[in-house]
Amino acid sequence: MLGKSQKAAHLAEDITDYTVIQGRSLWQDARMRFVRNKAAMASLFILGLIVLFTIIGPYFAVWNNEEIDWNVMGDVRGMGMPSVETGHFFGVDDLGRDLYSRVIQATTTSLLVGLIGAATALIVGTCYGITAGYIGGRTDGAMMRFVDILLAIPATLVIILLLVVAGRSFVMLFIALGAVGWLTMARIVRGQTLTLKNREFIEAARAAGVSEFTIMYRHILPNLLGVVIVYASLLVPEMILTESFISFLGLGISEPYTSLGRLIAEGAGTMGYGTLWQLLFPLTFYVAIIITMFFIGDGLRDALDPKDR
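The shown structure was predicted, so the numbers you read here are calculated from the model rather than taken from an experiment. (Residues numbered from 1 in each chain as written. Predicted model: local features only at pLDDT ≥ 70, side-chain atom pairs only at ≥ 80, totals over all residues. Heavy atoms only, no water.)

Things to note about the overall build of the chain
Logical step 1: Scanning the chain from terminus to terminus reveals 12 helices and 0 strands.
Logical step 2: Put simply, the chain runs from its N terminus to its C terminus through helices and strands in the order α-α-α-α-α-α-α-α-α-α-α-α.
Logical step 3: Considering only residue pairs separated by 6 or more positions, the chain has 72% of its internal contacts joining residues 24 or more positions apart.
Logical step 4: Entry remark: accessible area of the chain is about 17,100 Å², with carbon and sulfur atoms responsible for 66%. (Helix = DSSP H or I, 4+ residues; strand = E, 2+ residues; numbered from the N terminus. Contact = heavy atoms within 4.5 Å. Areas by Shrake-Rupley, 256 points an atom, 1.4 Å probe, with all protein chains shown as cover.)

A short note on the nonpolar core
Logical step 1: Phe90, Ile159, Trp182, Ile220, Leu224, Phe285 and Ile289 are the most contacted members of the largest nonpolar core, which has 68 residues in total.
Logical step 2: Of all the elements, helix α5 (residues 99-135) adds the most residues to this core, at 13 residues. (Core = buried A, V, L, I, M, F, W, Y, C linked by side-chain atoms within 4.5 Å. Buried < 20%, exposed > 50% of the residue type's maximum accessible area, 1.4 Å probe, protein only.)

Re the side chain of Thr54
Logical step 1: Tracing the chain through its elements places Thr54 in helix α3 (residues 38-56).
Logical step 2: Looking at Thr54, the relative accessible area reads 14%, which means it is buried.
Logical step 3: Thr54 has contacts with Ile104, Thr107 and Thr108, leaving out every residue within four places of it along the chain.

Observations regarding the confidence of the model for the chain
Logical step 1: In this model, the chain carries an average pLDDT of 80, and 90% of its residues clear a pLDDT of 70 or more.
Logical step 2: The spread of mean pLDDT over the elements of the chain runs between helix α1 (residues 4-17), the lowest at 51, and α3, the highest at 91. (pLDDT = per-residue confidence, 0-100.)

What to know about the packing of helix α6 (residues 137-152) against helix α8 (residues 170-196)
Each pair of packed helices gets described by two things: the angle between the helix axes and the distance between those axes.
Logical step 1: Between α6 and α8, the shortest axis-to-axis distance is 10 Å and the interhelical angle comes to 145°. Where α6 crosses over α8, the handedness of that crossing is left-handed. Listed contacts from α8 to Asp140, Met144, Phe146, Val147, Asp148, Leu150 and Leu151 of α6 are Trp182, Leu183, Thr184, Arg187 and Arg190.
Logical step 2: When the residues that make up the contact of α6 with α8 are grouped by side-chain class, the tally is 7 nonpolar, 1 polar and 4 charged. (Axes fitted to C-alpha atoms, helices over the stretch in contact; angles between N-to-C directions. Left-handed = near helix turned anticlockwise from the far one by under 90°. Nonpolar A, V, L, I, M, F, W, Y, C, P; charged D, E, K, R; others polar.)

Considerations on empty space enclosed by the protein
Logical step 1: For the structure on display, the rule yields 1 cavity of 30 Å³ or more.
Logical step 2: As a volume, the largest cavity reaches approximately 30 Å³.
Logical step 3: As for the largest cavity, its lining consists of Asp93, Asp94, Leu99, Leu263, Glu266, Gly267 and Gln278.
Logical step 4: Partitioning the lining of the largest cavity into residue classes produces 2 nonpolar, 2 polar and 3 charged. (1 Å grid on protein atoms, 1.4 Å probe; cavity = no way out; pocket = protein on both sides within 12 Å on 5 of 7 lines; lining within 4 Å. Points joined across faces, edges and corners; volume = space filled by probe spheres on them.)

What to know about the pattern of salt bridges
Logical step 1: This structure, assessed with the given rule, holds 7 salt bridges.
Logical step 2: Arg102 serves as the salt-bridge partner of Asp93, at 3.5 Å between the closest nitrogen and oxygen.
Logical step 3: Classification of Arg102 by relative accessible area gives buried; the value is 1%.
Logical step 4: Here Asp148 makes a salt bridge to Arg145, at a shortest N to O gap of 2.9 Å. (Salt bridge = Lys/Arg side-chain N within 4 Å of Asp/Glu carboxyl O.)

Observations regarding the side chain of Thr275
Logical step 1: On the secondary structure map, Thr275 appears in the loop between α11 (260-270) and α12 (277-304).
Logical step 2: At a separation of 3.2 Å, a polar atom in the side chain of Thr275 contacts the main-chain carbonyl oxygen of Thr270.
Logical step 3: Setting aside anything within four residues of it in sequence, one finds Thr275 in contact with Val76, Arg77 and Thr270. (Polar contact = N/O pair within 3.5 Å; in protein donor to acceptor, adjacent residues only side chain to side chain.)

Here it is, written out as structure tokens:
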């Protein structure tokens, strides 16, 4: 028979050896699932290298993006190919300008267009969708019919008209892409809001006297972040694709600025002369950005999908 002191000692040891199992939040679980996705992590690493290239690449450039090498101007095919000796690491374009510096500028432009355009569509579409879905009734009907009308108009046509009427510039390009990019986001957010606004925790917040704006901001919006983040990650390559198509048509960013779409268009126009590097280098960066962004978006979707937990 054990004495009281011995029983107390054994109980203390059991309490000491007891390990508390801590739970994980949704975001912690999503982060762990995303890290385990090898394709998404590899894509994130490659995209990080591309961003790093746009930051430190200019420090290694021998020529700037507007400077013309008159020595190779007359024989771009023979003397304008990629070379470390001449300082043209990616070769030159058909006007004798350094392609290395122009690819850096074009990559930076395309990334900014994708990120800023997606951020604009994200903010406008989320606010519009939450408002329409939460208010409901005739207000919701009127707001969504307006979205349906805009969706019936081809997005490319709207962007071209805005750029032609208001002029081609960085600001106008961001406005044009944001003007058509928020529509689908608004429909997605509105549908999710309709499923959330009658849930028990929303009813409890109303019963507690919480204002309608606070309910949308503090209770509905956090529950939409998973869907919003996933769609935003897929919206970035869509914006880059749209801008590249517009630039390929010659209606995008004007000189002296450039984008990957414009460089690809210029390279495609001169590939018949044997200067394949003018198409190869911008196309490589373009394909790498698009593929990595899609893999990252797919990884975020898998990580944030509660059905796959």
